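# Chain and residue survey
One-letter residues, chain by chain:
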Amino acid sequence: ETNFMENGINYHAHIFTATGPNTFYVLADGAVEYLVVGGGGAGRGNGSVTNSGSGGNGGQLISGLFYSVPAGALSVTVGAGGVGAVNASGGPGGDSAFWTITAAGGAGGTWGSSSEGTYGGNGAGGAGAGHGDGPLGNAGGPGLVSTILGSSVTYAGGGGGGFSHGGNAGSGGGGRGESYDTGT
């Protein structure tokens, strides 16, 4: 939880980051501004010398304002990030939800060989660069900026693409996700 003032109004923000079900308690009827982000999709690793894995997509971002929220307990679900994979598509991210709003999790990365026009829009994962395509995987989508916490923060960016011959992977988008380590 965090408190901040914007335009002379005091705000109290409840931030849910624990994966799985949570509960938001509303003490009195009133308005609630929300931002819900689905879990990011995992990237795909590839052992091939001719193709490489792409970054996972950022989860869907939905924000808005409920003008009339009843007092009581409201359900909140935080979607987990997808599970990374080698020689298979990365796992999708889990859906996140607040009351009646659901933000879909991002798709997992796939594999391929491309260096042309593979940068995605907001939240899309960057495509991998294959053998002979150059030394850099493509950057992931930049995500979306929100000021719901009183300052500009970027959410739901896509992961950067990989490269098949030990070159540099593309930059990830500006998401606020957790990293995944396969332990290898």
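The paragraphs below set out a description of the structure included in this document.

Reading the values: the criteria
Residues numbered from 1 in each chain as written. Predicted model: local features only at pLDDT ≥ 70, side-chain atom pairs only at ≥ 80, totals over all residues. Heavy atoms only, no water. Helix = DSSP H or I, 4+ residues; strand = E, 2+ residues; numbered from the N terminus. Buried < 20%, exposed > 50% of the residue type's maximum accessible area, 1.4 Å probe, protein only. Contact = heavy atoms within 4.5 Å. Polar contact = N/O pair within 3.5 Å; in protein donor to acceptor, adjacent residues only side chain to side chain. Pairing = 2+ DSSP bridges. Axes fitted to C-alpha atoms, helices over the stretch in contact; angles between N-to-C directions. Core = buried A, V, L, I, M, F, W, Y, C linked by side-chain atoms within 4.5 Å.

### Observations concerning the environment of Ser 89
Structurally, Ser 89 can be placed in the loop between β9 (85-86) and β10 (96-98). Relative accessible area serves as the criterion here: at 44%, Ser 89 is assigned to the partly exposed category. Apart from the residues within four sequence positions on either side, Ser 89 is in contact with Arg 44, Gly 109 and Thr 110.

### As for the environment of Ser 68
Mapped onto the elements of the fold, Ser 68 is located in strand β7 (residues 61-69). Classification of Ser 68 by relative accessible area gives exposed; the value is 60%. C-alpha separation for the pair Ser 68 and Ala 31, spaced 37 residues apart in sequence, amounts to 5.2 Å. Ignoring any residue separated from it by four or fewer positions in sequence, one finds Ser 68 in contact with Gly 30 and Trp 99.

### Some details on the side chain of Ser 96
With respect to the secondary-structure elements, Ser 96 resides in strand β10. Among the polar contacts made by the side chain of Ser 96, one reaches the main-chain carbonyl oxygen of Val 37 at a distance of 2.7 Å. Here Gly 79 takes part through its backbone nitrogen, which lies 2.8 Å from a polar atom of the side chain of Ser 96. The contact partners of Ser 96, leaving out residues within four places of it in the chain, are Val 36, Val 37, Gly 38, Gly 39, Thr 77, Val 78, Gly 79, Ile 101, Thr 102 and Ala 103.

### Quick look at the sheet that holds β10
Taking strand neighbours across the sheet as the criterion, the four strands line up as β3-β8-β10-β11 in an open arrangement whose pairing is antiparallel. Looking at which strands have only one partner, the edges of the open sheet turn out to be β3 (20-26) and β11 (101-103). Direction aside, the axes of adjacent strands within the sheet are offset by 20° on average. Judged from the seven bridges that link them, β3 and strand β8 (residues 72-78) form a sheet pairing that is antiparallel. Note that in β8 the partner of Gly 20 across the bridge is Val 78.

### Here we look at the nonpolar core
Core analysis: the largest hydrophobic core is formed by twelve residues, namely Phe 24, Val 26, Val 32, Tyr 34, Val 36, Phe 66, Val 69, Leu 74, Val 76, Phe 98, Ile 101 and Ala 103. Tallying contributions element by element places strand β4 (residues 30-37) first for this core, with three residues. Apart from the residues within four sequence positions on either side, Val 26 is in contact with Val 69, Pro 70, Ala 71, Gly 72 and Leu 74. Counting five residues, the second-largest nonpolar core is a separate cluster that includes Ile 148, Val 153, Tyr 155 and Ala 156.

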